[in-house]
Every structure is written in C-alpha cells, then in structure tokens.
Amino acid sequence: MKEIIDIMLRYFSDSKLAGSYFLLFLVSIVLLYYMNRQKNRWFIMYGILLLVVVVMNPVSVWLMVQVFPSLISYGPITMLVPILIYIPFAAAELNESLKEIRIRRIVTVILVFLIFICGNMCGMVKDYSVSDSNVTDAEELDVVRCLDEAKPKMVLADEAVIPAISARGKAIPLFYGRDLWTANMDTGIMDGYNEEAYALFDAMKNSKENADFIADTAYEYRCDIIVMDNFEDAPTRLGSYRLINTTQNYLIYRLDGDM
C-alpha cells in the first residue's frame, strides 16, 4: 500500500505544470455547484465520487493494480477523470449565465487564457513541465551518448541510469528495465525474468563488492556493455570487459572482443 501511495504522490509531483488541468477540473465542479446546483447535482456528485472513491483512493488504486498490473504507472487511472468534459461544460454554463454580450466576450477571453496557462502555454514554457525527478542531467546524457556511439547489442545498466537510457537513447537494448524492480508491472506480454536476473539486479546495488560476479554473469547473458556505479580503484579490465568511459557516478565497460 505504501508503494501505491508513493507512486501516486510521485505522479502528481512529476506532472506539475505552470498551471494544471486538474485544478481547472476542481474549479469547474465548484462553478457548476454555484451556478445551478439542482440541475448539475448528479453531474457534480459523479465527478466528486470518481475522485474520492476511485482515482485518489489508495485502496481502490491498489485493487485495480492487482487486477490490471500494467496500471502500476498510475497514469492510465487518472485518465478516468473526465476533465475534457467538465471544463468545457462548466465554461459553456458560465457563458450562458452571462446576459451582457460584452461581459460574455471578456469572460471567454479570460477562460481561453486560463486554459492556455494551465496547459503550460501549449508546451512553450518547458521549465514548468518538468521536476527534479524527471530531468536528465549532463552526466546521464554523457552515458547515453557513449552507449549510442558504441551501438551495443545488450546493455546491463544500473537502475538509476536506466530511465535516461530508455528516454534519451537511440533504441538501446537493456538486459532489464523498470518492470524488473517495480512490483506487478509485468503486463503479461513479457515472459518475465529468471532468478539470475534478479540476483544480477541485486548485485548491481553494490558494484564494488560484486564486480567480478557482475562481469561473469553479464558475459553469460551476452551483454556487451556494463554501466555500473563508480567505485574507488576500479580496474581497467573486469573479466572479459575493458573500461571505456568513466563519469563521476558511473563506470562503462565494454566486452573486449567488441573493441
């Protein structure tokens, strides 16, 4: 349950924009209530119950994830909120309630401007569309560039740099991805991972102590590139691999036969 709550909080944190369509959705419910609460009663209740009982309820989200494991990303669940119905409906109701044409036009301009702002200026203000947790830093970009140049057949990478490789790399094949360490993320399309893959994932968390095991196992699984945590006195050769690049936090080894 704690994991589900963390995923929900992280999702809302990572999706913060200059404004928020979700905020407009809440404003729409308030407007519908004050403009015509009798007419819009069931429409308002539906939106509130959907939020409270389903979308923002960790228990309901946990139950849905058990039935549909691919929903662990939480994004698809938030799409249940009918934002694109409530916002224009509330805007139309507000416009209809205004009798003077001049005021109606002014309000229309204001509404368009609010939607424009809450949509991050149609994507033009990029600084507000990202947070610290989804920014690829310069070091990670260096790692990705190195991998792109190497054109590997299979990469064994540290958990922390995998998101950057997946997002920025040119179709770089990874030995495992986020679905290995995120519970219930397997969509049923993949066959899953064997015990050796999980053992290798655990070993990567302490690269200095398990360097030889990592190299030997990676060789058995035909990984031609290893990206592991940097550690003091890292060898230039590791089993069948040769060190080809070093950053502040990562060591990049390549299978010697591919040099």
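Residues numbered from 1 in each chain as written. Predicted model: local features only at pLDDT ≥ 70, side-chain atom pairs only at ≥ 80, totals over all residues. Heavy atoms only, no water.

### Things to note about the overall build of the protein
- Assigned secondary structure in the protein consists of 12 helices and five strands.
- Counting only residues that meet the buried cut, the protein has 36% of its 259 residues in that class. (Helix = DSSP H or I, 4+ residues; strand = E, 2+ residues; numbered from the N terminus. Buried < 20%, exposed > 50% of the residue type's maximum accessible area, 1.4 Å probe, protein only.)

### A few points about a negative patch on the surface
- Taken together, the side chains of Glu 195, Glu 196, Asp 212, Asp 216 and Glu 220 make up a negatively charged region of the molecular surface.
- For the negative patch, the secondary-structure elements that each account for two or more residues are helix H11 (195-203) and helix H12 (207-220).
- The greatest single-element share of the negative patch, amounting to three residues, is contributed by H12.
- Mapped onto the fold, Glu 220 is located in helix H12. (Patch = residues over 30% accessible without salt bridge, like charges linked within 9 Å, V, L, I, M, F, W, Y side chains within 5 Å. Areas by Shrake-Rupley, 256 points an atom, 1.4 Å probe, with all protein chains shown as cover. Salt bridge = Lys/Arg side-chain N within 4 Å of Asp/Glu carboxyl O. Lys, Arg positive; Asp, Glu negative; His and termini not counted. Charge placed at Lys NZ, Arg CZ, Asp CG, Glu CD.)

### Focus: unusual backbone geometry
- Backbone geometry places Ala 171, a non-glycine residue, at a positive phi of 55 degrees.
- The topology assignment puts Ala 171 in the loop between helix H9 (162-168) and helix H10 (178-181).
- Even without a glycine there, the phi angle at Asp 233 is positive, about 60 degrees.
- For Asp 233, a relative accessible area of 70% gives the class exposed.

### Re the packing of helix H6 (residues 83-97) against helix H7 (residues 101-118)
- Viewed as axis vectors pointing N to C, H6 and H7 meet at an angle of 160 degrees, and their least axial separation amounts to 10 Å. By the criterion of interaxial angle, the relationship of H6 to H7 is roughly antiparallel. The crossing of H6 and H7 is right-handed. Contacts between H6 and H7 pair Ile 87, Ala 91, Leu 94, Asn 95 and Glu 96 from the former with Arg 104, Val 107, Thr 108, Leu 111 and Ile 115 from the latter.
- The residue makeup of the contact of H6 with H7, split by class, is six nonpolar, two polar and two charged. (Axes fitted to C-alpha atoms, helices over the stretch in contact; angles between N-to-C directions. Parallel < 35°, antiparallel > 145°, perpendicular 65-115°, else oblique. Left-handed = near helix turned anticlockwise from the far one by under 90°. Contact = heavy atoms within 4.5 Å. Nonpolar A, V, L, I, M, F, W, Y, C, P; charged D, E, K, R; others polar.)

### Examining the pairing of strand S4 (residues 241-246)
- Pairing geometry for strand S3 (residues 237-238) and S4, over two bridges, is antiparallel. Residue pairing in the sheet places Leu 238 in a bridge with Tyr 241 of S4.
- Adjacent in sequence and paired antiparallel, S3 and S4 are bridged by two residues, among which Gly 239 carries a positive phi angle near 60 degrees.
- Connecting S4 to the antiparallel partner strand S5 (residues 250-255) that follows it, the hairpin turn spans three residues. (Pairing = 2+ DSSP bridges.)

### Observations concerning the packing of aromatic side chains
- The full count for this structure, using the stated rule, is seven aromatic pairs.
- Pairwise contacts between aromatic rings join Phe 25, Phe 43, Tyr 86 and Phe 89 into one cluster. (Phe/Tyr/Trp six-rings, centres within 6.5 Å; stacked < 30°, edge-to-face > 60°.)

### Some thoughts on the side chain of Asp 224
- Examined against the element boundaries, Asp 224 turns out to sit in the loop between H12 and strand S2 (225-229).
- With no salt bridge to any partner, buried Asp 224 finds its closest opposite charge in Arg 254, at an N-O distance of 5.7 Å.
- Engagement of the side chain of Asp 224 in a polar contact is seen with the backbone nitrogen of Lys 153, the distance being 2.8 Å. (Polar contact = N/O pair within 3.5 Å; in protein donor to acceptor, adjacent residues only side chain to side chain.)

### As for the nonpolar core
- Counting 38 residues, the largest nonpolar core has Leu 156, Val 227 and Met 228 as the members making the most contacts within it.
- Elements with a contribution of two residues or more to this core: helix H8 (138-150), strand S1 (155-157), H9, H11, H12, S2 and S5.
- In this structure Leu 156 touches Phe 175, Tyr 176, Leu 200, Met 204, Ile 214, Ala 218, Cys 223, Ile 225, Ile 226 and Val 227, once residues within four positions along its chain are discounted.
- The next biggest cluster of nonpolar side chains, apart from the first, holds 20 residues, and it includes Phe 25, Ile 29, Val 65 and Ile 87. (Core = buried A, V, L, I, M, F, W, Y, C linked by side-chain atoms within 4.5 Å.)

### A few points about a nonpolar patch on the surface
- A contiguous nonpolar surface patch, about 590 Å² in accessible area, is contributed by Trp 42, Met 45, Ile 48, Leu 49, Val 52 and Val 53.
- As for its placement among the helices and strands, Val 52 is situated in helix H3 (residues 41-55).

### Section: the confidence of the model for the protein
- Confidence in the prediction for the protein averages 79 pLDDT; 79% of positions are at 70 or higher.
- Counting interchain partners and residues more than four positions distant, the pLDDT-below-50 stretch residues 126-134 has 15 contacts.
- A low-confidence stretch, residues 184-190 (pLDDT under 50), is modelled with 13 contacts involving residues beyond four sequence positions or located in other chains. (pLDDT = per-residue confidence, 0-100.)

### Considering the pattern of salt bridges
- Across all of its chains, the model carries five salt bridges by this definition.
- A salt bridge links Asp 142 to Arg 145; the nearest nitrogen and oxygen atoms lie 2.3 Å apart. Here Arg 145 and Asp 142 lie together in helix H8, a separation of three residues that amounts to about one turn.
- Under the relative-accessibility criterion, Arg 145 is labelled partly exposed at 44%.

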